[in-house]
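Coordinate inspection notes
Residues per chain are reported as follows:
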Amino acid sequence: MALSHLAASASRSSSLLKPLSSALSLRRPISGDNSPLTVETSVPFTSHQCEAPSRSVETNPKELLTFFRDMALMRRMEIAADSLYKAKLIRGFCHLYDGQEAVAVGMEAAITKKDCIITAYRDHCTFVSRGGTLLEVFAELMGRQAGCSKGKGGSMHFYKKDSNFYGGHGIVGAQVPLGCGLAFAQKYSKDETVTFALYGDGAANQGQLFEALNISALWDLPAILVCENNHYGMGTAEWRAAKSPAYYKRGDYVPGLKVRISWFVETMVLLSCNLLVLELCETVDVVVLL
Amino acid sequence: QLLTPFQYLLSGIYLTRYILYSRHELLLFEALQEGLEEEMERDLRVCVMGEDVGHYGGSYKVTKGLAKKFGDLRVLDTPIAENSFTGMGIGAAMTGLRPVVEGMNMGFLLLAFNQISNNCGMLHYTSGGQFTIPIVIRGPGGVGRQLGAEHSQRLESYFQSIPGIQMVACSTPYNAKGLMKAAIRSENPVILFEHVLLYNLKERIPDEDYICNLEEAEMVRPGEHVTILTYSRMRYHVMQAAKTLVNKGYDPEVIDIRSLKPFDLYTIGNSVKKTHRVLIVEECMRTGGIGASLIAAITKNFNDYLDAPIMCLSSQDVPTPYAGTLEEVTVVQPAQIVTAVEQLCQ
C-alpha cells in the first residue's frame, strides 16, 4: 500500500525526465514537489545493544525521485561497465555494484560531504554518489588520463579527496583500519563529522576488522562500520565462510543494526537508520551495521 | 682591573663561539625524544601512536614524558594490534595529520606489512596524487644482545622494494635527532630504522634547530685506499676496524650511507671515483639485503671506476641464535672487516 501511494504521488509530479545529456551532473532533482510524505518500511530492523529506528520515514516526492534517478544511473553505469569488461576494454578486475546501489544512495542522503566514506574495491557507485562524474569513472576504468586517479589506479582505486571519499582499496579488509584512522583524525581535529567504513561479508572475517573495532571503541571514535552483505566472499558462499552470519552482532560491546534490503524501499530504510546512527554517534561513537 | 685589548678580543671570540656553537650532551634515545618533542611543539598535527608510548614512556624511553606534556590524544597507547594501528596511522595521514607510528621492535611491523606496502607506499600513486601520506614509521631493529631470532630482525631488506616509501637509518645522536625531524617534516612516508644497541650512545649535539637531509650519506672518515659503505651499528664495527687498519698502514674512507632508499649515489660515486675499491659492511642478511641492492646500484653506475670486484660483508643467512657466541658469529665482526680490506687492497 505504501508503495502504490508512492507510485501515485510520483506520477502526479509534473516535470518529466531530463535528457540523458545531463547525466553528468547527478544532483538535479526531477520533481519539484516538496510536500512531505511518510513511508513505512516493509521490513523491521533488528538491533543489537541499541534501539532500532522507527519504521516510518519522512521524505518528499522530489527526494524520492532524486534517489530513483541516482540509483537508476548507477545501475545503467554498472551494466555498461560489465559490457565494456566483456569487450576487454576494461582490463584487470571490475567489481560491480548493481543491486547494492541503495546502500550508497541511502548513506549519502543522511550525511554531508564533510563526513568521510571509505570502502573496498566495489567503489564505482560510491564514487559517483560522492560527486564523481561518469566521465571520470569510465576514463579511470579504461586507463585514461581523464580518470579520477589519472588512469593509474583502475577499477579498485577511485578516490575523491575534495568530497572526502577515501577509496577504493584492493586488499580485503585493509580499508577498515584506514577508516578508523579517518575517524581518529576527525576526533583529533574536533570536526564533529563521522566516518563510514564499508566492507563486505567476506572482509567481516578479517582480524584487522576486530582490531580496528577494539581501538575505535576504546578511543571513542566516530566510526560507523557498514557491512554490505551480498552473501559471497570472493567465490565462497557466506554459510561456508562464516560460523555466525549475524555480522551486526560481531561488535559485541558495540551497537549494531541489521537492515534488510529490498530494492525500492532500501533507501528509505538506510536514510532512517543513518539518521539514527548519526544521533547515536554523539553518544556512543561506534556502530556496526548490516 | 681592565683587560688589555688583546684579552678583550680573545674573550669576544670565545663568547661568539659559545653562542654560535653551543652544544649539550645527551644519549641517542634522548636525542630522538628531543627531536620528536620539538616537532610536536612546532606542528599540532604531529601525534605519536604505538605500544607503551604513552603512560609507560616508551619501551626504549624515546617517548618519555611526552604523554604528560601533550596529552592522551596526541600520544596514543595502542593495544597490541600492529596491523590496525599502522593502518589507522595511515588513514589519519590521508586527512593531513602527521602520525609517528612506533613499532616496539621493527620485527613486529611484519604484521603491518600489507598496510605499509599497499596503503602507505602506494596510495599517493593509485589516487593519482590526491593523497600524500606524511607518516613516519620508526622503531628499533637489528641484532641485539641475545634477544632471539624473532626479535633480531632487519626489516630494511624486506621493505626496500616497496615503491613509494623512503628509508633512513640513524647511527649517532646527531643524525638521530636530525633524521627524526626531517622525517616528520617530509611529505613522503619515511621509515626510520633505529638500532637496539645504539640507544645509549652519548654525543654533544647543537642547541639550535637543525635537520639532516633524508637523502644524504654521511662522510665519517675521509680516506684514499678503499671506500667502506656501512650504516647503523656496523658503522661502529667499521670504525673499530679502521683503527687497526690505520695502524697497518691503510687509509679507509668510511661512509655511513644513512639513506637506505634512495641511495646517495652522488656521495658514494665521488668516493668510488677516488678510491676505486668498495667494501660494504652491513647487518642485513646476505640474500636480498641492502648490500645486495647497493652492489647492483654501484656496478650499474660506476663499473668503469672499480679496480676490483665489490666486496660485501653481511650477516649469515640464518635465524639469529640465542647463544651469545653463536650470535656473534652470525654478525660481521671488526676482524673480518680488517681481513676483507687487506684482501681488497692486494
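As the structure is a prediction and not an experimental result, all values here were calculated from the model. (Residues numbered from 1 in each chain as written. Chains lettered and ligands numbered in written order. Predicted model: local features only at pLDDT ≥ 70, side-chain atom pairs only at ≥ 80, totals over all residues. Heavy atoms only, no water.)

1. Notes on the interface of chain B and chain A
- With 35 residues of chain B at the contact, the number on the chain A side is 32 residues.
- Summing both partners gives a buried area of about 2,700 Å² for chain B against chain A, and 69% of it is carried by carbon and sulfur.
- Sorting the residues of chain B by area buried against chain A places B:Leu73, B:Met88 and B:Gln130 first, and these three jointly supply 23% of that buried surface.
- The tally of links from chain B across to chain A stands at zero salt bridges.
- Our count for the chain B to chain A interface comes out at twelve residue pairs in polar contact (both at pLDDT 80 or more).
- At ten residues, helix α4 (residues 82-94) of chain B tops the list of elements feeding residues into the side of chain B that touches chain A.
- Taken together, the residues of the side of chain B that touches chain A break down into 17 nonpolar, 14 polar and four charged. (Contact = heavy atoms within 4.5 Å. Buried area = accessible area lost by both parts, 1.4 Å probe. Salt bridge = Lys/Arg side-chain N within 4 Å of Asp/Glu carboxyl O. Polar contact = N/O pair within 3.5 Å; in protein donor to acceptor, adjacent residues only side chain to side chain. Helix = DSSP H or I, 4+ residues; strand = E, 2+ residues; numbered from the N terminus. Nonpolar A, V, L, I, M, F, W, Y, C, P; charged D, E, K, R; others polar.)

2. Looking at the UniProt feature "domain: Dehydrogenase E1 component" (unreviewed entry) in chain A
- Mapped onto this numbering, the UniProt entry gives "domain: Dehydrogenase E1 component" (unreviewed entry) at residues 69-259 of chain A.
- Helix and strand shares over residues 69-259 of chain A are 36% and 12% respectively, and the end C-alpha atoms of the span are 22 Å apart. (UniProt positions renumbered as here; feature names shortened; annotations may be inferred.)

3. Quick notes on empty space enclosed by the protein
All names here are of chain B.
- This model, assessed by the stated rule, comprises two cavities of 30 Å³ or more.
- Here the largest cavity defines a volume of roughly 70 Å³.
- The wall of the largest cavity is formed by Met106, Gly141, Gly142, Arg154, Glu156, Ala169, Phe193, Glu194, His195, Tyr231, Ser232 and Glu283.
- With three residues, the single largest contributor to the lining of the largest cavity is strand β7 (residues 190-195).
- The residue inventory of the lining of the largest cavity, partitioned by class, reads four nonpolar, four polar and four charged. (1 Å grid on protein atoms, 1.4 Å probe; cavity = no way out; pocket = protein on both sides within 12 Å on 5 of 7 lines; lining within 4 Å. Points joined across faces, edges and corners; volume = space filled by probe spheres on them.)

4. Section: the UniProt feature "domain: Transketolase-like pyrimidine-binding" (unreviewed entry) in chain B
- When the UniProt feature table is mapped onto this chain numbering, "domain: Transketolase-like pyrimidine-binding" (unreviewed entry) sits at residues 26-201 of chain B.
- What you have in residues 26-201 of chain B is 36% helix and 18% strand, and the ends, taken at the C-alpha atoms, are 8 Å apart.

5. Here's the deal with the pattern of salt bridges
Residues and elements named next belong to chain B.
- Under the counting rule described, the total for this entry stands at 26 salt bridges over all chains.
- A salt bridge links arginine 138 to glutamate 194, with the shortest nitrogen-to-oxygen separation between them at 2.6 Å. Taken together, the positions of arginine 138 in strand β5 (residues 136-141) and glutamate 194 in strand β7 put the pair 56 residues apart, joining distant regions of the chain.
- On the accessibility criterion, arginine 138 (1% relative accessible area) is buried.
- We classify glutamate 194 as buried; its relative accessible area is 3%.
- Residue aspartate 209 is joined to arginine 185 by a salt bridge in which the shortest nitrogen-to-oxygen separation is 3.2 Å. Separated by 24 residues along the polypeptide, aspartate 209 in the loop between β8 (202-206) and β9 (218-221) and arginine 185 in helix α8 (residues 173-185) bring together distant segments of the chain.
- You can call aspartate 209 partly exposed: its relative accessible area is 49%. (Buried < 20%, exposed > 50% of the residue type's maximum accessible area, 1.4 Å probe, protein only.)

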